Amino acid sequence: MIYFGLLALAVSILALAAFGCGLGQGRVAGSAVEAMARQPAMAGKIQLAMLIGLAFIESLTIYSLMLSFILLGKLPPTKDVLELFKQTPKQELHSSAGEFVRPLEKD
């Protein structure tokens, strides 16, 4: 059960990595345009360095999305997980949650 929870967490973290790559691409492009405005004579070299950096960032995005799709295929169907929760006694679910659920319980 913990395996599937950690697998779902990994898929969401990989989606967050793709979001971070988008932010990084925006920062690289903005910095390159600012550098070209300051040094117009170096625009060609700055543009080449920018494109190489963007290619590396884009490859990281593609790898993270590919890995998230692979891991998403390893997750069980939702109806199977819900059936597992219906079959598990309520006391066992509380005990497996540990200290996180106890403050929420009503006495």
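Note: the structure precedes this text.
Here's what I pulled together on the structure shown here. All figures in this text were calculated on a predicted structure; none of them were measured in a lab. (Residues numbered from 1 in each chain as written. Predicted model: local features only at pLDDT ≥ 70, side-chain atom pairs only at ≥ 80, totals over all residues. Heavy atoms only, no water.)

**A few points about the overall build of the protein**
A count of helices and strands for the protein gives four helices and zero strands. Ordered by position in the sequence, the α and β elements of the protein form the string α-α-α-α. The 107 residues of the protein split such that 15% are buried. Taking as baseline every contact in the protein between residues at least 6 positions apart, the subset at least 24 positions apart corresponds to 71%. (Helix = DSSP H or I, 4+ residues; strand = E, 2+ residues; numbered from the N terminus. Buried < 20%, exposed > 50% of the residue type's maximum accessible area, 1.4 Å probe, protein only. Contact = heavy atoms within 4.5 Å.)

**Remarks on the side chain of S64**
Structurally, S64 can be placed in helix α2 (residues 43–74). For S64, a relative accessible area of 6% corresponds to the buried category. When sequence neighbours within four positions are dropped, the list of residues in contact with S64 reads L14, A17 and A18.

**Digging into the pattern of salt bridges**
Within the structure shown, the criterion is met by one salt bridge. A salt bridge links R38 to E34, with the nearest nitrogen and oxygen atoms 3.0 Å apart. With R38 and E34 both in helix α1 (residues 2–38) and four residues apart, this pair spans about one turn of that helix. Since its relative accessible area comes to 65%, R38 is described here as exposed. (Salt bridge = Lys/Arg side-chain N within 4 Å of Asp/Glu carboxyl O.)

**A short note on the packing of α1 against α2**
Where α1 contacts α2, the two axes come as close as 9 Å, and the packing angle between them is 170°. For the element pair α1 / α2, the angle class is roughly antiparallel. Looking at the contact of α1 with α2 residue by residue, the class counts come to 23 nonpolar, six polar and two charged. (Axes fitted to C-alpha atoms, helices over the stretch in contact; angles between N-to-C directions. Parallel < 35°, antiparallel > 145°, perpendicular 65-115°, else oblique. Nonpolar A, V, L, I, M, F, W, Y, C, P; charged D, E, K, R; others polar.)

**Things to note about the side chain of S68**
Tracing the sequence through the fold places S68 in helix α2. A polar contact is formed between the side chain of S68 and the backbone oxygen of L65, at a distance of 2.8 Å. Setting aside its immediate chain neighbours within four residues, S68 contacts V11 and L14. (Polar contact = N/O pair within 3.5 Å; in protein donor to acceptor, adjacent residues only side chain to side chain.)

**Some details on a nonpolar patch on the surface**
Where nonpolar side chains cluster on the molecular surface, the patch consists of I2, L6, L9 and I13 and spans about 430 Å² of accessible area. Mapped onto the fold, L6 is located in helix α1. A residue is classified by how much of its surface remains accessible, and L6, at 55% relative accessible area, is exposed. (Patch = residues over 30% accessible without salt bridge, like charges linked within 9 Å, V, L, I, M, F, W, Y side chains within 5 Å. Areas by Shrake-Rupley, 256 points an atom, 1.4 Å probe, with all protein chains shown as cover.)

**What to know about α2**
Given a rise of 1.5 Å per residue, 32 residues ought to cover 46 Å, and the 47 Å separating the end C-alpha atoms of α2 matches this to within 8%. Three or more residues of α2 are buried, namely I46, M50, L54, I57, T61, S64, S68 and L71. Buried positions along α2 lie against α1. (Expected span 1.5 Å × (residues − 1).)

**Things to note about the environment of L72**
Inspection of the secondary structure assignment puts L72 in helix α2. The spatial distance from the C-alpha of L72 to the C-alpha of A10 is 9.3 Å, given a sequence separation of 62 residues.

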